Every structure is written in C-alpha cells, then in structure tokens.
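Observations on chain architecture
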Amino acid sequence: MASKDKDRTLSSTTKDKHGKPRISHPIYNILFVSSESHPFAKTGGLGDVSNSLPKALKALDQDIRVLIPGYPFAIQKAESIHHVATISLPKKGFPGDLGLSSKSELSSEPPPSVAILETELPGSHVKVWMIESELYNRPGGPYVDENGQEWGDSDRRFALLNYVAVEIAMGRTSLNWQADIVHGNDWQAGLISTLLEQEHSLKSNKRPATLFTIHNMAHMGVFSRSRFDDLQLQASLWNPHELEFHDNFSFIKGGLAFSDRVNTVSPTYAKEIQTAEFGYGLAGLLTHRSDRLCGILNGIDMQEWDPATDPMIEQTYSIETLADKQSNKSALQKHFNLPQNENVLLLGMVARLVYQKGLDLLLDNIATILSLPVQIVILGSGDSKLESRLKQWAVKYPDKMQIQIGYDEGLSHLVEAGSDAFLMPSRFEPCGLNQLYSLRYGTIPIVRNTGGLADTVIHASRENLDKNTATGIIFHEAQGSTLFEAINLASLLFQDHTTWQKLMVNGMQQEFSWQESAKHYLDLYSQAIEDRNKSYSTSYSTKGIRKN
Ligand code: ADP
C-alpha cells in the first residue's frame, strides 16, 4: 500500500454497541476518476454513480478523492472552489500538444502544467479535484459541442484526465497525497492503468493498484493511428493484445487489458459483455480476463431519490401515505397538457433518446399501444431522428402522448413520482438507475430482460404475484409486439387496484442503497491490491496482457 501513514494500512476500527473496538475494513487512499460527477457534470448514470459511490465509500471511512475535468459549467456549479495545486506534467512521455503551455519535449520552456481546483460533493466531505485547462474551457458539454456534434479532440481532452490522474496517483504533485488504488470509470479513464503499468515496469516505482469499471461497453474511445502518435503513447502498445483495435486504438481496451481488476455495474451485464452481441469486438479479451471481472449492482442516492422528502415533486408520500402519489400524477398530466384522468395508466420515460434505450420498439407499435387506456410522457434528448419521430406521434395523439426534449433534473423526479409505470425497453442496460428510482417511488417498471434490469426487477408472473414477490413487468424479445404485450399486462393489472398496490409496495420495500455495493467495491480494491502485489513477482505474457 502506498499510503504515507503506516497505521492506516491496518484497519479502521469502529466501536460495537458495547463500546468495544471492532475491526471492520482497511482504509485506502482512492483516486476516483470520471468524466462526470453529479451535480457538476451529468449526462447519464455515470454522473449519478460518480457522486453516490464516492459518498458511500467516504461513509466507510475511505480517503476518496474524485478527479474530473474542469468544464466551465462544472466549475460554475461548485461552491467554495479554490486553487490547490499546479501540476507540472513530465515532458518525457507526455503528449506534446495537449493545448497546454509548453509544447515540446525538446523545448527549453518549463514543463506543461495544469491547475487543480478543489471543492466538495455537496452534502458531503468528499473532495473533488477539477482540472483547469484550455482543453475544457469552452462552451458545450463533456462530449459534444454547442451544436451537439462530438468534440473532434476528445482523445486529447480525456488523455489529459488520464495523465493528470497518474501524476496525482503516484504522489508526484504538491497535493501531498498519493493513491493506494485508482478507480477509473469508462473509456475516458481507460488509459490510466496502461500508463501506470509503465511506471510499474520501472520496478523502482511501485504503482497504485487499479480497478476499471465499465458503465457502458458501447462507448470505447476509438481513435486513429495518427492520434495515437500525437498522444506519444509508447509505440510497443500498438498491437492487437494491447491498445490497437482494428487499425485504430481504443482507450477502453487499455482499461480492460491492464487493470488489476475490472468490473461492470450488474452481474448479468458482466456475463453479457463476454458475448459477441454485447462485447463490441472485445468479448475475447473480456473472457480472457474473466477471473478478474465481476459485476456489482449500482445503488441509488437514498436521500436524493426519496419520495417522502423529495423537494422536486408535487406531493411527498411513502408506503403509509400512498394515496398522496395521485397529486403527482395530476401535476405530471398538467405539466404535459394531458387530460387529468386518474383511471388511465400513465406511462413515464426519462432517457437518453438513443438506440440502446429501445425507443424504436415503442415506435414500432405505437398506434396499437395508444389504443389501450394509457397515456405516455417522455423526457429526454439524443438522436434527432428518434426525437422527431416521437414528436410526430405526440402531435398526432396530443391527448395520449407528450414529449419534452431536453434535460430537466426536476421534471425527471416528477416523472418518477407521477407515473403509474415506467418504461425501459432497453436493448441493453449495464445497470440502469431509473428502474431503481421507479421501484423506490412505487412506480411499476416495465423492462426488457437484460443487464441490470434483469437483476433488479421481479416479473409479475402468476406465481410471483401469489408469493407476493413481484415488483414489475419483464419482457424478453426486443420486439414491438412483446413490448405491447408487457404494456397490455400492465394495463390489465392496473385495473385490479389491490394487485397494483401490492406491486407498488413490494417495489418500495426493496433495498437499493449503496451501503452493500460500496462494501463490495472495498473488497474489490483489496483484491486489486493483492493482484498488484503478486504481479511484482509474476511474469507478464510476451504479448503484454497479464497472465492471470
Ligand atoms: P444511462 O447512464 O444509460 O443514461 P441510467 O438509467 O443508468 O442510463 O441513468 C440515467 C440517469 O440520467 C438517470 O438519473 C436519469 O434520470 C437521468 N436522465 C437521463 N435523461 C435525462 C433528462 N433528459 N433529464 C433529466 N435526467 C435525465
């Protein structure tokens, strides 16, 4: 362990109810690296997880620091943000042209440097470090510009995140902190373990252990050979067993090949990505590393998503006051200009409007679905073709379907509270958070049997209804007709007030806090550290991918 303080390498001790010290778990210095962290930056579930998991780890006494890019909108949202360090990036092996002050290894100028700004995750003492750089200081989002076009230099934007992470993790900054474990998330943090492996091979440089979490395999950070050269990555990494990916190179491959441990955000998705359908050309590598790969279900922020206290909804409610949920339904119908009818099944959806989310399945059968006694409200943005097809149907059936294009945190809470059922017909879903929010809000999830949806929803089969374990409706084939059958079943169950109430209560009684999942992450960190330690004495395959 690379900690400064040796005592911390033992264990944290808490007191049991008799006041006696009780050994619980080790305390690590964790550098949590992500391209998003709510509320500073969020485009999807990664932003939520990069807020709530660090908070849950902090509650387990961990010394966790979150590192994200200093997007202008993120800096603006941060309270008491202040400069804490200037990090000089090593000229050697560091990409020359990252839009930083010094450009060339041969230059006589000082090394390129970036500023680190510090703030905290609201409502916690989790320190957040933001990298201030010209590469981030422009209008637009994390991944797209103001016109919704992908940034042309995402490789450089996120390579910077990776290089800065390495400097901090190795304790080579004036922050007076170094990491025992670096937890990288998604492709934007995929090169960290590759770069740290190079430190490791210098023998004298003991590197931190690494965990890489896949939140979505569909995004792999693939760039051309010339970008690889521009980033001055070590030439030997260009081979099919390491970073090369079909004549290009991929950030995520670095994370998968070089991290001590790899995980994804549900057990079912961990299996799915080892198949051709969900592995996107990397199923072989994932299978090769299967004994280092596992799935840990995401939790939810139980404070932020609590119908009993949620300030963003019309009327708070709980299992004891379920009837109060109805005010939220009326408010939601009103917001979307739909008839305020409590007997019609109100279906809600909040999502990135992309192929993954299965909106085409809904569109395939929309006329038949809308012939049922249902209303549909959709909040989201994404693919412009999907957006306009959905809008066309809303124009055609204004009393039955409405859509709001855009991102609206407050409205997303009202959709969860006001809908009777929540639609997630995803083609794949690494974990999915909205079905978890739905369960907590007594809103019945209608989901496809994939990834984290399969792991968290219990189908309303006759048997499960009899056993009183059912929490939602699951359909299997990714087809419009099967989605229709699922909605039809929901519509029938909705007529049976007692059964519907049971489903609501069963869902609300489920436990999806981060507490347990955070403990699993702690175990994974310990395993990663053990693997790192072993790897000092273990040889590597000639191809560079670790022999497990
Ligand atoms: P993914 O990460 O694939 O987008 P998840 O279900 O894991 O899907 O997480 C999505 C998160 O983003 C949820 O918190 C959801 O409420 C939020 N979200 C998605 N689109 C919007 C939107 N248009 N407005 C507000 N919140 C949104």
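Residues numbered from 1 in each chain as written. Predicted model: local features only at pLDDT ≥ 70, side-chain atom pairs only at ≥ 80, totals over all residues. Heavy atoms only, no water.

1. What to know about the overall build of the protein
As a reminder, the rule being used: Comment: elements are numbered from the N terminus, with helices defined as DSSP H or I runs of at least four residues and strands as E runs of at least two. Only protein chains enter the accessibility calculation, which uses a 1.4 Å probe. A residue is then buried if its area is under 20% of the maximum for its type, exposed if over 50%, and partly exposed in between. By definition in these notes, contact holds between two residues if any of their heavy atoms fall within 4.5 Å. Each accessible area is a Shrake-Rupley estimate made with a 1.4 Å probe; only the visible protein chains count as cover when residues are assessed.
Each helix and strand counted, the protein has 20 helices and 20 strands in total. Put simply, the protein has 548 residues, and 58% of those count as buried. Once local pairs closer than 6 in sequence are excluded, the contacts in the protein between residues at least 24 apart make up 72%. For the protein, the accessible surface area stands at approximately 22200 Å², while carbon and sulfur atoms represent 49% of it.

2. Digging into the site of the ligand
Put simply, the rule is: Distances are taken per atom, and a residue is near a molecule or strand as soon as one of its heavy atoms is within 4 Å of it. The definition of a polar contact used here is a pair of N or O atoms within 3.5 Å, where within protein one atom must be able to donate a hydrogen and the other to accept one, and adjacent residues in sequence count solely through side-chain atom pairs.
Near the ligand lie 20 residues; those nearest to it are Gly-45, Asp-48, Arg-352, Lys-357 and Gly-406. A distance of 2.6 Å separates an oxygen atom of the ligand from a polar backbone atom of Gly-45. Note that an oxygen atom of the ligand is positioned 3.3 Å from one of the side-chain N or O atoms of Asn-434. If you list the elements that add at least two residues to the shell around the ligand, you get α1 (45–59), β15 (345–353), β16 (374–382) and α15 (434–440).

3. Structural notes on the environment of Asp-466
Position of Asp-466 among the secondary structure elements: in helix α17 (residues 462–467). What makes Asp-466 exposed here is its relative accessible area of 58%. Along the primary structure Asp-466 and Thr-499 are separated by 33 residues, whereas in three dimensions their C-alpha atoms are 9.9 Å apart.

4. Observations concerning the nonpolar core
Across soluble globular proteins, nonpolar side chains have a tendency to be buried as a group. The criterion, for reference: The nonpolar core is taken to be a set of buried Ala, Val, Leu, Ile, Met, Phe, Trp, Tyr and Cys residues, with the residues joined through side-chain atoms within 4.5 Å.
Judged by nonpolar contacts, the single largest core of 94 residues is most densely connected at Leu-31, Leu-67, Val-164, Met-217, Leu-233 and Leu-256. Here the element with the most residues in this core is helix α3 (residues 154–169); it accounts for ten residues. The contacts of Leu-233, once residues within four sequence positions are left out, are Tyr-163, Leu-191, Leu-195, Phe-228, Leu-243 and Phe-249. By size, the runner-up hydrophobic cluster in this structure holds 52 residues, among which are Trp-305, Val-374, Ile-376 and Leu-423.

5. As for the sheet that holds strand β11 (residues 244–245)
Operational definition: Only when DSSP finds a minimum of two bridges between them are two strands counted as paired. Note on method: axes are straight lines fitted to C-alpha atoms, helices fitted across the in-contact stretch only, with angles between N-to-C directions ranging 0 to 180 degrees.
Taken together, three strands build an open sheet; the order of strands is β10-β12-β11 and the sheet is antiparallel. Both outer strands of the open sheet, β10 (222–223) and β11, are each paired with one neighbouring strand and no more. As judged from the two bridges shared by β10 and strand β12 (residues 248–250), these two strands associate in the antiparallel manner. Note that in β12 the partner of Phe-223 across the bridge is Phe-249. Here helix α6 (residues 251–258) sits on the sheet in contact with β10, β11 and β12, set at roughly 55° to β12.

6. Details of helix α10 (residues 325–335)
Within α10, burial applies to Lys-325, Asn-328, Lys-329, Ala-331, Leu-332 and Gln-333. Against β15, β16, α14 (409–418), α18 (480–495) and α19 (497–508) lie the buried residues of α10. Where α10 terminates, the next one or two residues include Asn-337, which has phi positive at roughly 60°.

7. A short note on the packing of aromatic side chains
To keep it simple, the criterion reads: Within 6.5 Å between ring centres, the rings of Phe, Tyr and Trp (the latter by its six-membered ring) count as paired, and their orientation is classed by plane angle as stacked under 30 degrees, edge-to-face over 60, tilted in between. Counting as a charge over the ring demands two things of the Lys NZ or Arg CZ atom: a distance within 6 Å of the ring centre and an angle within 35 degrees of the ring normal.
Enumeration according to the criterion identifies 20 aromatic pairs in this entry. With a centroid separation of 5.2 Å and 90° between ring planes, the pair formed by Trp-187 and Phe-251 is classed as edge-to-face. Pair noted here: Trp-187 is in the loop between β8 (181–185) and α4 (192–200) and Phe-251 is in helix α6, with a separation of 64 residues, a long-range link. For Trp-187, a relative accessible area of 9% corresponds to the buried category. On the accessibility criterion, Phe-251 (0% relative accessible area) is buried. Seen from the ring of Trp-151, Arg-138 lies directly overhead, with NZ or CZ sitting 4.6 Å from the centre. Above the ring of Trp-238, the side-chain terminus of Arg-225 is found at 4.4 Å from the ring centroid.

8. Topic: the packing of α3 against α4
Just so we agree on the cut-off: Just so you know how the angles are binned, under 35 degrees is roughly parallel, over 145 roughly antiparallel, 65 to 115 roughly perpendicular, and the rest oblique. Here a crossing is taken to be left-handed if its near helix is turned anticlockwise relative to the far helix by less than a right angle, and right-handed if that turn runs clockwise. When residues are sorted by character, Ala, Val, Leu, Ile, Met, Phe, Trp, Tyr, Cys and Pro go into the nonpolar class, Asp, Glu, Lys and Arg into the charged class, and all the rest, Gly among them, into the polar class.
Interhelical geometry of α3 versus α4 gives an angle of 40° and a closest axis separation of 9 Å. As the angle between them shows, α3 and α4 are arranged oblique. Handedness of the crossing formed by α3 with α4: right-handed. Contact residues: Asn-162, Tyr-163, Ala-165 and Val-166 in α3; Ile-192, Leu-195, Leu-196 and Glu-199 in α4. In terms of residue class, the contact of α3 with α4 is built from six nonpolar, one polar and one charged.

9. What about the pattern of salt bridges?
Side chains carrying opposite charge are able to pair once their charged atoms draw close together. The cut-off we apply is this: The term salt bridge refers to a side-chain nitrogen of Lys or Arg lying within 4 Å of a carboxyl oxygen of Asp or Glu.
Tallied over the full model, the rule gives 21 salt bridges. Between Asp-301 and Lys-55 there is a salt bridge, with its nearest N and O atoms 3.2 Å apart. One end of the pair, Asp-301, is in the loop between β14 (293–295) and α10; the other, Lys-55, is in helix α1, with 246 residues separating them in the sequence. Here Asp-301 falls in the buried class, since its relative accessible area comes to 13%. When the shortest N-O distance is used, the salt bridge between Arg-207 and Asp-260 registers 2.9 Å. Residue Arg-207 is found in the loop between α4 and β9 (209–214), and its partner Asp-260 is found in the loop between α6 and β13 (261–264); the two are separated by 53 residues along the sequence. Across the pair, Asp-260 and Arg-207 agree in class, each one buried. Salt bridges sharing common partners tie together Lys-42, Asp-48 and Glu-409.

10. So, the sheet that holds strand β5 (residues 82–88)
Taking strand neighbours across the sheet as the criterion, the nine strands line up as β5-β6-β7-β4-β3-β8-β9-β13-β14 in an open arrangement whose pairing is mixed. Across the chains shown, the open sheet's two edge strands, defined by having one partner strand only, are β5 and β14. Taking each pair of neighbouring strands and ignoring which way they run, the sheet shows an average axis angle of 25°. In this sheet, strand β7 (residues 127–132) lies alongside strand β6 (residues 113–120) in antiparallel orientation, the contact comprising six bridges. Across the sheet, the residue bridging to Ile-116 is Ile-131, located in β7. Along the sheet, α3 contacts β3 (29–33), β4 (63–69), β5, β6, β7 and β8; its crossing angle with β4, the most-contacted strand, is approximately 155°.

11. Things to note about unusual backbone geometry
Generally, phi is negative for residues other than glycine and the peptide bonds are trans, each holding for most cases. Going from His-38 to Pro-39, the amide bond is cis rather than trans, its omega being 5°. Within the secondary structure, Pro-39 is located in the loop between β3 and α1. A positive phi angle, close to 60°, is found at Asn-337, a residue other than glycine. Backbone geometry places Asn-468, a non-glycine residue, at a positive phi of 65°.

12. Brief notes about the pairing of β15
Among the nine residues that make up β15, eight are buried, leaving the element largely enclosed by the rest of the structure. Two strands pair when backbone bridges link them, and β15 and β16 are joined in this way by nine bridges, in the parallel orientation. Counterpart to Arg-352 in the pairing with β16 is Ser-381. With two bridges connecting them, β15 and strand β18 (residues 421–424) associate as parallel partners. Each residue of the ladder has a partner; that of Leu-347, found in β18, is Ala-421.

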